[in-house]
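Structural overview
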Amino acid sequence: MARYIIKRILSIIPVLLGISIVVFLAVRLIPGDFATVTLGTQYTDEAAAALRERYGLDQPIVYQYFLWLGGILTGDFGFSYVSNQSVSVLLLSRLPVTLELTVLSLLLAVLVGIPMGYWAACKRNKAPDSVATVTGLLGISIPNFWLGTMFILLFSLTLKWFPSGGFVPLGDGILANLKSMILPAIALGVAVSAVVMRSSRSAMIEVIGQEYMKMAKAKGLSGVGLIFKHGIKNTLVNVLTILGLQTGSLLGGSVVIEQIFSLPGVGSLALQAINNRDYLVLQGTVLFISAMFVLINLIVDLLYCVVNPQIRY
């Protein structure tokens, strides 16, 4: 196991290196640079040249990349051009919001998507299966930004049950915190719940058709006992795989939801960096999310051994 973990960690290095190159080049393909956006209507060639020289943007792009990479290897992600704050400090200050949003959305997927998927599989080709299938298709089809907007119109502006935006830290009260996060978590988690539901349904249908399930049923074990004793544990590998992939998509897909609900998370930080052409903040944010995604996949691989002792690395 230890050898496998070391091997996987070492394999992460070239992946992150490749991501850093793509990110570095991609952000510079955005029209306009920091000097152009900052100066705006007061733009002159002299002022732009001075600003680029100040932040090292006049240096060759290869030199800029290796300078940034060297800083990352020493734990220095650089400083924001706009606020002059450390990128690491900015990320750490925004991370709790995005993590809470991701955890709540994932919790929704686990508590709703998995039971619905198993229920639909056990009632295959019957009314519950049809209801779950249609619900899953709707969940995947509805854009989260539209759903978030409708939530604000209905539950915030009309019914006034929840705030329309903003973030309340946990330190200011759990109830107030949940009220500020429940709508964005549902808006973000509906599509994930639908994907998890469809995947868990497919996995359970496949397991139900196995010979050992038929043998257990022939021995007198049926219904809920059969599903819990033999069915669920043999679907967990597939379900864990989907949950790992969806967790990564939640981290990256929170940009729109955070913007709609005015949440100060990592996603909104990335969007602000794009608008301001704040290269170091954007590069650090995308690289950080990518590293989290790779780490989550490693954790999921290790959990395979927990849910299925037959798997060995």
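The following paragraphs examine the structure supplied in this document. The shown structure was predicted, so the numbers you read here are calculated from the model rather than taken from an experiment.

Take the packing of aromatic side chains next. The final tally for this structure, using the stated rule, is 9 aromatic pairs. Relative to Trp68, the ring of Phe24 lies with its centre 6.0 Å away and its plane at 25 degrees, an arrangement referred to as stacked. Placement of Phe24 in helix α1 (residues 2-27) and of Trp68 in helix α4 (residues 61-73) is noted, with a sequence separation of 44 residues between them. For Phe24, a relative accessible area of 2% translates into the label buried. Ring centres 4.8 Å apart and planes at 50 degrees place the aromatic pair Tyr55 and Tyr81 in the tilted group. Within this pair, whereas Tyr55 is found in the loop between α3 (45-54) and α4, its partner Tyr81 is found in the loop between α4 and α5 (87-122), the two being separated by 26 residues in sequence. Look at Tyr55 and you get partly exposed, because its relative accessible area is 25%. A connected cluster of aromatic rings, assembled from ring pairs, spans Phe24, Tyr65, Phe66 and Trp68. A cation over an aromatic ring shows up here: Arg28 above the ring of Phe24, its NZ or CZ 3.8 Å from the ring centre.

Moving on, we come to the packing of helix α11 (residues 236-260) against helix α12 (residues 266-276). Contact pair α11 / α12: the axes reach a minimum separation of 7 Å and the direction vectors enclose 90 degrees. On the basis of the axis angle, α11 is roughly perpendicular to α12. Along its contact with α11, which presents Ser254, Val255, Glu258 and Gln259, the element α12 presents Val266, Gly267, Ser268 and Leu271. Counted by class, the contact of α11 with α12 contains 3 nonpolar, 4 polar and 1 charged residues.

On to the side chain of Ser156, then. Turning to its location among the elements, Ser156 is positioned in helix α7 (residues 144-158). On the basis of relative accessible area, Ser156 is assigned to the buried category, the value being 7%. A polar contact of 3.2 Å, which involves the side chain of Ser156, links it to the backbone oxygen of Pro163. Ser156 has contacts with Phe151, Phe162, Pro163, Ser164 and Leu183, leaving out every residue within four places of it along the chain.

Before going further, it helps to examine the environment of Asp58. Looking at the element boundaries, Asp58 is found in the loop between α3 and α4. The exposure class assigned to Asp58 is partly exposed, which follows from its relative accessible area of 43%. Those residues in contact with Asp58, other than ones at most four positions away along the chain, are Arg52 and Glu53.

Glancing now at the pattern of salt bridges. Considering all chains together, one arrives at 1 salt bridge under this definition. One salt bridge connects Arg201 with Asp129, and the closest N-O pair in it is separated by 2.7 Å. Note that Arg201 is positioned in helix α8 (residues 174-208) and Asp129 in helix α6 (residues 127-141), a separation of 72 residues in sequence. Taking the relative accessible area as the measure of exposure, Asp129 reaches 4% and is therefore buried.

Rules and cut-offs
Residues numbered from 1 in each chain as written. Predicted model: local features only at pLDDT ≥ 70, side-chain atom pairs only at ≥ 80, totals over all residues. Heavy atoms only, no water. Phe/Tyr/Trp six-rings, centres within 6.5 Å; stacked < 30°, edge-to-face > 60°. Helix = DSSP H or I, 4+ residues; strand = E, 2+ residues; numbered from the N terminus. Buried < 20%, exposed > 50% of the residue type's maximum accessible area, 1.4 Å probe, protein only. Lys NZ or Arg CZ within 6 Å of the ring centre and 35° of its normal. Axes fitted to C-alpha atoms, helices over the stretch in contact; angles between N-to-C directions. Parallel < 35°, antiparallel > 145°, perpendicular 65-115°, else oblique. Contact = heavy atoms within 4.5 Å. Nonpolar A, V, L, I, M, F, W, Y, C, P; charged D, E, K, R; others polar. Polar contact = N/O pair within 3.5 Å; in protein donor to acceptor, adjacent residues only side chain to side chain. Salt bridge = Lys/Arg side-chain N within 4 Å of Asp/Glu carboxyl O.

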